[in-house]
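Notes for the structure review
Here is how the chains run, residue by residue.
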Amino acid sequence: MPRDTGSLLVTNIGELVTNVPGTGAGGPLGLRRNAAVLVEDGQVAWVGPARDAPAADRRIDADGAAVLPGFVDSHAHLVFAGDRAAEFAARMAGQPYTGGGIRTTVGATRAAPDDELRATVARLRGEALRQGTTTIEIKSGYGLTVADEARSLRIAAEFTEDTTFLGAHVVPAEYADRPDDYVGMVCGPMLAAAAPYARWIDVFCERGAFDVDHARAILACGQAVGLGVRVHANQLGPGPGVQLGVELGAASVDHCTHLSDADVDALASTTTDWVSGPETTTVATLLPGAEFSTRSPYPDARRLLDAGVTVALATDCNPGSSYTSSMPFCIALAVREMRMTPAEAVWAATAGGARALRRDDVGVLRPGARADLIVLDAPSHLHLAYRPGVPLIRHVLHNGVMP
Ligand SMILES: [Zn+2]
């Protein structure tokens, strides 16, 4: 990661979102007015009133604008080839989404040379960064052979620390008649080849993908070699994925579109206070770009929040069901379509994403945190939902430097 030398002061911040509860105006966003942030060696060194700011080698004048922690996109599928624009057009003309198009991308990905895959990840990572995303998780899952999953993760690891092995995305066509054999391969040689490049393991636990017994077996194999657990769960219909994730201590269950009361209760029972010990919360990560792009009903974020569940927002960036890298777009959808308040949505897109990745160094602006922050072209975080589709990111600092 690039590091800058010398200190940098971001000052004249009209509204600073710290995500440090109890700070300034209080609330989970920890809002401060007329603030400044000092950055040294890629980290936040000091946060306080602009009038008390220490001297620095350089400064950025926010001129009264809002400053937030960089967005933490905890769910993205960036290693692929080809696009599925025609499938999107067909869906918008009335065809339902079934997840079957994943196999189209698998064929294109297997046929692509490394450099083509790397260029796609670089393009999408750059696109996300310009829109304020300073931390991104990247999954494999379009290779589905030992060699193609391993190279997908090797390429992903060039761009992020948060890489996720998703060999259990779908059962590939050549194993269609013998899913047990495919699960055995995922748990055996594929996991062995993928694990050196992966921090997490994930399964698409859904009718038409992997059932609960297969999902449990695969996730347990990943845990046994030290990978953290995440689950694609309850996207297309009700199912056991969310409760499986809670049972296994998953950091996050993602989608959560079709939930029973027992699912919500199970998630709420995991909510812990991050400060008091090791993180054990299973976060519900909502991916409204998928519902937007498949014209499907949105998850009931209000029900989750009112039950005390920790909620994150992420893009699910992928070529089939959610081809957006924009966290501001997801915030706007969450507010307009899922009844989250603007504050809840901003928290979910920053601190929530960090908790879904079990990280305490991002999604927050306090001394010692990574100096990842965005300066908006707006006086308040409210504008992210209030002005949908408008490029409001004026500056991005990533590891204390402007990329
Ligand atoms: Zn996904």
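A brief structural summary. (Residues numbered from 1 in each chain as written. Predicted model: local features only at pLDDT ≥ 70, side-chain atom pairs only at ≥ 80, totals over all residues. Heavy atoms only, no water.)

1. Remarks on the overall build of the protein
Test applied: Each helix is a run of DSSP H or I of at least 4 residues and each strand a run of E of at least 2, with the numbering of both proceeding from the N terminus. With the radius of gyration taken over C-alpha atoms, the globule rule is written as 2.2 Å times the number of residues to the power 0.38. Contacts were defined at the residue level, with two residues in contact if any of their heavy atoms lie within 4.5 Å. The protein chains shown are the only cover counted for residues, whose accessible areas, like all others here, come from Shrake-Rupley with a 1.4 Å probe. For the purpose of counting charges, residues Lys and Arg are taken to be positive, whereas Asp and Glu are taken to be negative. His and the chain ends are not included. The atoms used to mark charge sites are NZ of Lys, CZ of Arg, CG of Asp and CD of Glu.
Along the protein, the regular secondary structure elements total 13 helices and 16 strands. Taken against the 2.2 N^0.38 rule, which gives 22 Å for 403 residues, the C-alpha radius of gyration of the protein at 21 Å falls within 12% of a compact globule. If you take every contact in the protein between residues at least 6 apart in sequence, the share linking residues at least 24 apart comes to 73%. In the form shown here, the protein has an accessible surface area of approximately 15000 Å², with 53% of it arising from carbon and sulfur atoms. Here the protein contributes 34 positive and 46 negative side-chain charges, whose respective centroids are spaced 4 Å apart.

2. Structural notes on the coordination of the zinc ion
Metal coordination angles have textbook ideals: 109.5 degrees for a tetrahedral set of four donors and 90 or 180 degrees for an octahedral set of six. Applicable threshold: Here a donor is any nitrogen, oxygen or sulfur atom (N, O, S) within 2.8 Å of the metal, with 3.2 Å used for Na, K and Ca; water is not among the atoms considered, so some sites may look incomplete. Each residue's exposure class comes from its accessible area (1.4 Å probe, protein chains only) as a fraction of the maximum for that residue type: buried when under 20%, exposed when over 50%, partly exposed otherwise.
Surrounding the zinc ion are the protein donor atoms His75 (NE2), His77 (NE2), His232 (NE2) and Asp316 (OD), which sit 2.0 to 2.4 Å from the metal. One chain supplies every donor to the zinc ion, and in sequence these donors are spaced H-x1-H-x154-H-x83-D. Note that His77 is positioned in the loop between β6 (71–73) and α1 (85–92) and Asp316 in the loop between β14 (311–313) and α11 (327–338), a separation of 239 residues in sequence. For the residue pair His77 and Asp316, the accessibility class agrees, reading buried in each case.

3. Structural notes on the pairing of strand β13 (residues 283–286)
Each regular strand shows side chains that alternate between the opposite faces of the sheet. Selection criterion: Only when DSSP finds a minimum of two bridges between them are two strands counted as paired.
Alternating positions in β13 separate into two faces, Val283 and Thr285 on one and Ala284 and Leu286 on the other, with burial throughout. Taken together, the three bridges between strand β12 (residues 252–255) and β13 define a ladder with parallel strand orientation. Within β13, the residue paired with Val253 across the bridge is Ala284. Taken together, the three bridges between β13 and β14 define a ladder with parallel strand orientation. Residue pairing for β14: Ala284 is matched across the bridge by Val311.

4. Examining the pairing of strand β2 (residues 32–40)
In the sheet, strand β1 (residues 7–16) pairs with β2 via seven bridges, with the strands oriented antiparallel. Bridge pairing in β2 places Leu9 opposite Leu38. Direction of pairing for β2 relative to strand β3 (residues 43–49): antiparallel, over a ladder of six bridges. Residue pairing for β3: Leu38 is matched across the bridge by Trp46. Here β2 hands over to β3 after two residues, with Asp41 in that stretch at a positive phi of 55 degrees.

5. Re α11
Short version of the rule: Nitrogen and oxygen atoms within 3.5 Å of one another constitute a polar contact, given that in protein one can donate a hydrogen and the other can accept it, and given that sequence-neighbouring residues count only through two side-chain atoms.
Within the span of α11, buried status applies to Met327, Pro328, Cys330, Ile331, Ala332, Leu333, Ala334 and Met338. Two to three positions downstream of the cap, the backbone nitrogen of Phe329 sits 3.0 Å from a side-chain oxygen, assigning the N-cap of α11 to Ser326.

6. Structural notes on unusual backbone geometry
A negative phi holds for most residues other than glycine; trans holds for most peptide bonds. Phi is positive for Asn234, close to 55 degrees, though the residue is something other than glycine. Among the secondary structure elements, Asn234 is positioned in the loop between β11 (228–233) and α7 (241–247). The class of Asn234 is buried, set by a relative accessible area of 1%. Even without being a glycine, Arg339 presents a positive backbone phi close to 60 degrees. Position of Arg339 among the secondary structure elements: in the loop between α11 and α12 (342–356).

7. Side note on the environment of Glu344
By secondary structure assignment, the location of Glu344 is in helix α12. For Glu344, a relative accessible area of 22% translates into the label partly exposed. The residues contacting Glu344, other than those within four sequence positions of it, are Arg302, Leu305 and Arg339. At a separation of 2.8 Å, a polar atom in the side chain of Glu344 contacts the side chain of Arg302.

8. Digging into the pattern of salt bridges
The test is simple: A pair is scored as a salt bridge if a Lys or Arg side-chain nitrogen falls within 4 Å of a carboxyl oxygen belonging to Asp or Glu.
For the structure shown, the criterion picks out 28 salt bridges. Between Arg110 and Glu174 there is a salt bridge whose closest N-O contact spans 2.9 Å. Residue Arg110 is found in helix α2 (residues 102–111), and its partner Glu174 is found in the loop between β9 (163–168) and α5 (179–194); the two are separated by 64 residues along the sequence. The exposure class of Arg110 is partly exposed, given its relative accessible area of 28%. On the basis of relative accessible area, Glu174 is assigned to the partly exposed category, the value being 38%. The structure contains a network of salt bridges with shared partners spanning Glu161, Asp162, Arg199, Arg359, Asp361, Arg370 and Asp372.

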